[in-house]
Amino acid sequence: MGRGTMGAGAAGMKPVRDSPASILPLALDGMGYAVAGKPLLSDITLRIETGRRLIVMGANGAGKSLFLRLCHGLIDPTTGRRLWASGEGRAEAQAMVFQRPVLLRRSVAANLDYPLALEGLPRAVRRETVARTLDRFGLNALAERPARLLSGGEQQRLALARAWAMRPQVLFLDEPSSALDPSATKIIEEMVAQFSSEGITIVMTTHNLGQARRLGEQVAFLHRGRLIEHRPAAEFFAGPQTPEARAFLAGDLIW
Ligand SMILES: Nc1ncnc2c1ncn2[C@@H]1O[C@H](COP(=O)(O)OP(=O)(O)OP(=O)(O)O)[C@@H](O)[C@H]1O
């Protein structure tokens, strides 16, 4: 893990709120999503366990982004159920980061502060949290820069740092490094691995098979809106059980 890149460790980082009850595991029970009667996701049943790293894979249009959006609660299932252990997936216990980060037209520091303020945290706690987050992720030199003028890699680092500062129990990542070069991708992977080592549950889509191998503990493979494999990553990569997943992995080798 690139300590130099990441700055100071998490030791001493105070949670922004008292230890809340776990919202996980998340059980999806026959979950589906249809638009105008057309099913886009069908009959998804799986459990997302506390502290795991689940990689969601599949070809373009397989339903990966919809899957994340449904889990996170941006949209609701039209069939089946999404059941958090806590009853509700409290918004403050989850975060989502997209392929293209959604940043405010403000400084880097203000982008970190904003969601903390929305949470109603006192100014002193916010100031300390922002300072520690900047320090931890090597963002000090960028603190006063307009966030939207950062490079793509810096913007994504900020988006992940901002999510982390909220101390989520589960982080949904939708192709967080697909627009980035290899060195920026490496930093994003290091951040994800650190979050995971702190106990944050990771649910992530990626088209990068190397990344899926490096970060995945479990793989959920979607094909045309259906979950056709859900297994430990090592088993999945050693021998996918379905012809669709085999073809997908073979395609990557040919590429
Ligand atoms: N609101 C919507 N209305 C109609 N169709 C939709 C809607 N949202 C998504 N779709 C369709 O559902 C399918 C799955 O979309 P989704 O974005 O989840 O795919 P994906 O696996 O993330 O693909 P990619 O790898 O290209 O990002 C696609 O065919 C998409 O066009």
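Rules used in this analysis
- Residues numbered from 1 in each chain as written.
- Predicted model: local features only at pLDDT ≥ 70, side-chain atom pairs only at ≥ 80, totals over all residues.
- Helix = DSSP H or I, 4+ residues; strand = E, 2+ residues; numbered from the N terminus.
- Expected span 1.5 Å × (residues − 1).
- Buried ≥ 20, exposed ≤ 12 C-beta atoms within 10 Å, placed from the backbone.
- Arc of directions from axis to C-beta.
- UniProt positions renumbered as here; feature names shortened; annotations may be inferred.
- Axes fitted to C-alpha atoms, helices over the stretch in contact; angles between N-to-C directions.
- Parallel < 35°, antiparallel > 145°, perpendicular 65-115°, else oblique.
- Left-handed = near helix turned anticlockwise from the far one by under 90°.
- Contact = placed C-beta atoms within 7 Å.
- pLDDT = per-residue confidence, 0-100.
- Core = buried A, V, L, I, M, F, W, Y, C linked by C-beta atoms within 7 Å.
- Near = placed C-beta within 6 Å.
- Nonpolar A, V, L, I, M, F, W, Y, C, P; charged D, E, K, R; others polar.
- Pairing = 2+ DSSP bridges.

Quick reminder: α-helices carry 3.6 residues per turn. Residues three or four places apart thus point the same way. Helix length check: helix 4 (residues 123-136), at 14 residues, gives a terminal C-alpha distance of 20 Å against a target of 20 Å (1.5 Å per residue), a fit within 8%. Along helix 4, the positions that sit buried rather than exposed are Arg126, Thr129, Val130, Thr133, Leu134 and Arg136. Buried residues of helix 4, seen end-on, are gathered within an arc of 165° and therefore sit on one face of the element.

This brings us to the UniProt feature "domain: ABC transporter" (unreviewed entry) in the chain. Under the UniProt annotation, "domain: ABC transporter" (unreviewed entry) lies at residues 26-249. Summarising residues 26-249: 38% helix, 26% strand, and an end-to-end C-alpha distance of 28 Å.

Two numbers describe how helix 3 (residues 108-118) lies on helix 5 (residues 152-165): the axes approach to 9 Å, and their chain directions differ by 30°. As the angle between them shows, helix 3 and helix 5 are arranged roughly parallel. Crossing of helix 3 over helix 5 shows right-handed handedness. Contacts between helix 3 and helix 5 pair Val108, Asn111, Leu112, Pro115 and Leu116 from the former with Leu158, Ala161, Arg162 and Ala165 from the latter.

Turning next to the confidence of the model for the chain. Reading predicted coordinates in detail is not appropriate for stretches of low pLDDT. Of the residues in the chain, 91% reach a pLDDT of 70 or more, and the chain-wide mean stands at 90. Across residues 1-17 the pLDDT falls below 50, and counting only partners more than four positions away or on other chains, this stretch makes 30 contacts in the model.

Our next topic: the nonpolar core. Grouped together as the largest cluster of nonpolar side chains are 64 residues, with contacts concentrated most on Val56, Leu171, Ile202 and Val203. Take this core: its biggest share by element is seven residues, from helix 5. Once residues lying within four places of it in the same chain are set aside, the contact partners of Leu171 are Ala95, Ala163, Phe195, Ile200 and Ile202.

Our focus in this paragraph is the environment of Arg123. Inspection of the secondary structure assignment puts Arg123 in helix 4. By the C-beta count within 10 Å, which is 10 here, Arg123 ends up exposed. Separated by ten residues in sequence, Arg123 and Asp113 place their C-alpha atoms 9.2 Å apart.

Okay, the site of the ligand next. Every residue close to the ligand is listed here: Val35, Leu40, Gly58, Asn60, Gly61, Ala62, Gly63, Lys64, Ser65 and Leu66. Tallied by class, the residues present in the shell around the ligand amount to four nonpolar, five polar and one charged.

Our focus in this paragraph is the environment of Ala62. You can see Ala62 is positioned in the loop between strand 3 (53-57) and helix 2 (64-72). Separated by 161 residues in sequence, Ala62 and His223 have C-alpha atoms that sit 5.1 Å apart. Filtering out sequence-adjacent residues up to four positions away, Ala62 remains in contact with Leu222, His223, Arg224 and Gly225.

On to helix 5, then. Taking 1.5 Å of rise per residue, the 14 residues of helix 5 would be expected to cover 20 Å, and the 20 Å separating its terminal C-alpha atoms lies within 8% of that figure. Burial of helix 5 is extensive: eleven of the 14 residues sit out of reach of the surface. Those residues of helix 5 not exposed but buried are Gln155, Gln156, Arg157, Leu158, Ala159, Leu160, Ala161, Arg162, Ala163, Trp164 and Ala165. Residues of helix 5 that are buried in the fold lie against strand 5 (94-97), helix 3, helix 4, strand 6 (170-174) and helix 6 (182-197).

Attention now moves to the pairing of strand 3. With respect to burial, strand 3 is a largely interior element, five of its five residues being buried. Neither face of strand 3 is open: one carries Arg53, Ile55 and Met57, the other Leu54 and Val56, and all of them are buried. Relative to strand 7 (residues 201-205), strand 3 runs parallel, the two sharing four bridges. What sits directly across from Arg53, in strand 7, is Ile202. By the bridge criterion, four bridges tie strand 3 to strand 8 (residues 218-223) in an arrangement that is parallel. Bridging across to strand 8, Leu54 finds its partner in Gln218.

On to the pairing of strand 2 (residues 38-48). Bridge count between strand 1 (residues 26-35) and strand 2: seven bridges; the pairing is antiparallel. Residue pairing across strands places Leu26 opposite Ile48, the latter belonging to strand 2. Counted along the chain from strand 1 to the antiparallel partner strand 2, the turn is two residues long, and its residue Ala36 has a positive phi close to 50°.

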